[in-house]
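# An overview of the molecular structure
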Amino acid sequence: MNFYVKDTQGANTVKLTFVDKNNAECSIWADPTRSVKDQWTQINFPLSSINGIDTTAIKEIRVGEWNTGVYYFDDFYFSDSTFIIPAF
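As the structure is a prediction and not an experimental result, all values here were calculated from the model. (Residues numbered from 1 in each chain as written. Predicted model: local features only at pLDDT ≥ 70, side-chain atom pairs only at ≥ 80, totals over all residues. Heavy atoms only, no water.)

Backbone geometry places Asn-23, a non-glycine residue, at a positive phi of 70°. By the secondary structure assignment, Asn-23 is in the loop between strand 2 (13–20) and strand 3 (25–34). The phi dihedral of Asp-75 falls on the positive side, at around 55°, and the residue is not glycine. Relative to the assigned elements, Asp-75 resides in strand 6 (residues 71–77). Residue classification places Asp-75 among the partly exposed positions, given a relative accessible area of 45%. (Helix = DSSP H or I, 4+ residues; strand = E, 2+ residues; numbered from the N terminus. Buried < 20%, exposed > 50% of the residue type's maximum accessible area, 1.4 Å probe, protein only.)

Structural data, given as structure tokens:
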């Protein structure tokens, strides 16, 4: 999964949380990739690092940052065309 983040706070680590149809969750930190203050930074998450949930029935994807503040996220896309993005 790939997307861009604009961080107004400083260099922070981005977190993705995947939730399946049974409400099981898996959170992944994009370490060592960090956002860059006041710049759009591309973030890449390998879906192979998702575990403990039904990856064929993901109902929700949550995006977060290490610190509180204002962050902008844009251009979510999957480089693996076999993965179907869930409705947000």
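Further notes follow.
Attention now goes to the packing of aromatic side chains. Going through the model one piece at a time under the given rule, you end up with 4 aromatic pairs. Between Phe-3 and Phe-76 the ring centres are 4.7 Å apart and the planes differ by 20°, which places this aromatic pair in the stacked class. Residue Phe-3 is located in strand 1 (residues 2–7), and its partner Phe-76 is located in strand 6; the two are separated by 73 residues in the primary sequence. Judged by relative accessible area, which is 0%, Phe-3 ranks as buried. Looking at Phe-76, the relative accessible area reads 31%, which means it is partly exposed. (Phe/Tyr/Trp six-rings, centres within 6.5 Å; stacked < 30°, edge-to-face > 60°.)

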